[in-house]
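Understanding the architecture of this molecule
These are the residues of each chain, in order.
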Amino acid sequence: MSRPLVITDCDEVLLHMVRHFRAWLAAEHDIEFVLEGRPFVQSMRRRGAADWLGEAEMWTLLGGFFDTQMPAQTAIEGAVAAVAEMRRAADVVVLTNLVDARRE
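Summary of the structure given here.

Reading the values: the criteria
Residues numbered from 1 in each chain as written. Predicted model: local features only at pLDDT ≥ 70, side-chain atom pairs only at ≥ 80, totals over all residues. Heavy atoms only, no water. Salt bridge = Lys/Arg side-chain N within 4 Å of Asp/Glu carboxyl O. Helix = DSSP H or I, 4+ residues; strand = E, 2+ residues; numbered from the N terminus. Buried < 20%, exposed > 50% of the residue type's maximum accessible area, 1.4 Å probe, protein only. Contact = heavy atoms within 4.5 Å.

**Describing the pattern of salt bridges**
Summed over all chains, the structure comprises 5 salt bridges. A salt bridge links Asp 91 to Arg 3; the nearest nitrogen and oxygen atoms lie 3.1 Å apart. In this pair, Asp 91 is assigned in strand β6 (residues 91-95) and Arg 3 in the segment before β1 (5-9), connecting sequence segments 88 residues apart. Since its relative accessible area comes to 39%, Asp 91 is described here as partly exposed. Among the ionic pairs, Glu 32 bridges to Arg 45, the shortest N-O distance being 3.0 Å. Here Glu 32, found in strand β3 (residues 31-33), pairs with Arg 45, found in strand β4 (residues 44-46); they are 13 residues apart in sequence, far enough to count as distant.

Pasting the structure below:
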């Protein structure tokens, strides 16, 4: 007998990623992060610069954040308990848009 499958995103669904990412970019890279309806790639620029960072640099920064800052992430209130409850009756898969090398 198969179980239902629940698929969820991680960032801003299970974890508060954006506020931690914004603080890390500012402190470690002097980059401002302004997410105002723009595509994610057009949300980062060096302080005082007019141009947004390029897509390759965005992915490098996201990867560096994921590799070094995951222990600092905080769960959205109720998310851990909700996933635990769902796992009682269903298989749960958490997706992220990071590259396959980080899928585990």
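Now that the structure has been shown, we can carry on.
**Examining the environment of Thr 96**
Mapped onto the elements of the fold, Thr 96 is located in the segment after β6. On a C-alpha basis, the gap between Thr 96 and Ala 50 in space is 29 Å, while along the polypeptide they are 46 residues apart. In contact with Thr 96, not counting residues within four places along its chain, are Asp 9 and Asp 11.

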